[in-house]
Amino acid sequence: MMDPQIERKLIEIMRVIHESDKPIGARAIADELNNRGYDIGERAVRYHLRILDERGFTSKHGYAGRTLTELGESEMNDALIGDRFGFVISRIEEMAFRTTYNPETGDGVVAVNISYFDKDDLETVIDVISYTAHSGYMISPRVRIFEEDEELMFMPPGKIGIATVCSVTFDGLLLKAGIPVEPSYGGILQIENRKPARFLDLISYSGTSIDPIKIFMNRKTTSVLEVLEKGEGKILANMRQINSSAYEKAMEVIKGAEKAGLGNYFPPGEIDEPLLGAPVETGKFGIAVVGGINGICALEETGIKIETNPISTVLEYRTLSEI
């Protein structure tokens, strides 16, 4: 039996092809999948397309790309809807489980976002991300730069990659401490006088195949530069819910991470009470964590072109350096 992760990607590739009004190629498919929250490159898409061809689900039209066959349309329509709608939550759970970072020793892996940009923009990228991180609007000031010849990942010619710590790392730390945590919302958080005021917009992680943070990035609704310069504006943030019985232990874990330079969460809400306007279930409390890619949003606000894959992979924390 094929890996469920591969089957999920095959189904989503078929959806992308189905939604196109003409034959579509591997590069365009990869771009659309990245927009939907899938960390997959063009070469990997070609591999999956060969599988679909062998199964008779896709038909190749020369260099123009592929369309679905009648059999492919039938297979896609029969695919479990829940397979798609549970993707983001499944991805978060997977990355949280894979996180092994120990704040006391500095060993282990953390979840990261990967972004790609032109080589010529490297100095600006480092300056802006450093400014954002040290101002408290990213998870960590540690990053890792990937050159073109890095074997770890594929990068387009002329591009450089940068890994930033993802907020899912907090989920992993809590999970390892035996604390269940529920990713509830991704949203736009209004900052006033350099303090969180209210969520202006929220998207639930439940029932979506696209990372809410990615959606807000694509909408270009942030004003991180204004927050950095004036203390007023809009940033990306995530809202988690934790059982009230784990309140003290959760605070202990998060404060321990902050001491190790992995932090930037806002004060938790009251038990059974909304957090900054975001609803909270009975018997739980909410906690808002800054988005790990606020620095990337700030870069986009300057006009720099940069592509980002949130919740991309895990990396050894020691391989990341402070900027």
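The paragraphs below set out a description of the structure included in this document. Since the structure is predicted, the reported quantities are computational estimates derived from the model, not experimental observations. (Residues numbered from 1 in each chain as written. Predicted model: local features only at pLDDT ≥ 70, side-chain atom pairs only at ≥ 80, totals over all residues. Heavy atoms only, no water.)

In this section: helix H12 (residues 294-301). When you tally the buried positions in H12, you get 6 out of 8 residues, the bulk of the element. Among all positions of H12, only Asn294, Gly295, Ile296, Cys297, Ala298 and Leu299 are buried. Of the residues flanking the end of H12, it is Gly303, one or two places downstream, whose phi is positive at about 105 degrees. (Buried < 20%, exposed > 50% of the residue type's maximum accessible area, 1.4 Å probe, protein only. Helix = DSSP H or I, 4+ residues; strand = E, 2+ residues; numbered from the N terminus.)

Look at helix H8 (residues 168-176) against helix H11 (residues 247-259): their axes get within 10 Å of each other, and the N-to-C directions meet at 125 degrees. Here H11 runs oblique to H8, going by the angle between their axes. Along this stretch, H8 crosses H11, giving a crossing that reads as right-handed. Contacts from Phe170, Leu173 and Leu174 in H8 reach Ala250, Val253, Ile254 and Ala257 in H11. Partitioning the contact of H8 with H11 into residue classes produces 7 nonpolar, no polar and no charged. (Axes fitted to C-alpha atoms, helices over the stretch in contact; angles between N-to-C directions. Parallel < 35°, antiparallel > 145°, perpendicular 65-115°, else oblique. Left-handed = near helix turned anticlockwise from the far one by under 90°. Contact = heavy atoms within 4.5 Å. Nonpolar A, V, L, I, M, F, W, Y, C, P; charged D, E, K, R; others polar.)

All right, on to the pattern of salt bridges then. For the structure shown, the criterion picks out 13 salt bridges. When the shortest N-O distance is used, the salt bridge between Glu12 and Arg15 registers 3.7 Å. Of this pair, Glu12 and Arg15 both sit in helix H1 (residues 4-19), 3 residues apart, which is roughly one turn of that helix. Judged by relative accessible area, which is 1%, Glu12 ranks as buried. Salt-bridge contacts for Asp31 lead to Arg27; the nearest nitrogen and oxygen are separated by 3.7 Å. Of this pair, Asp31 and Arg27 both sit in helix H2 (residues 26-35), separated by 4 residues, roughly a single helical turn. Here Arg27 falls in the partly exposed class, since its relative accessible area comes to 35%. (Salt bridge = Lys/Arg side-chain N within 4 Å of Asp/Glu carboxyl O.)

A few words now on the environment of Glu70. Within the fold, Glu70 resides in helix H4 (residues 70-78). The class of Glu70 is exposed, set by a relative accessible area of 73%. Between the C-alpha atoms of Glu70 and Thr58, which are 12 residues apart in sequence, the distance is 8.7 Å.

Let's shift gears to the sheet that holds strand S3 (residues 109-118). In space, the 5 strands of this open sheet follow the order S10-S3-S5-S4-S11, with antiparallel pairing throughout. Among the strands making up the open sheet, the edge pair consists of strand S10 (306-316) and strand S11 (321-322). Alignment of strand S4 (residues 142-146) against strand S5 (residues 159-165), held across 4 bridges, turns out to be antiparallel. Along S5, the bridge assignment pairs Phe146 with Gly161. (Pairing = 2+ DSSP bridges.)

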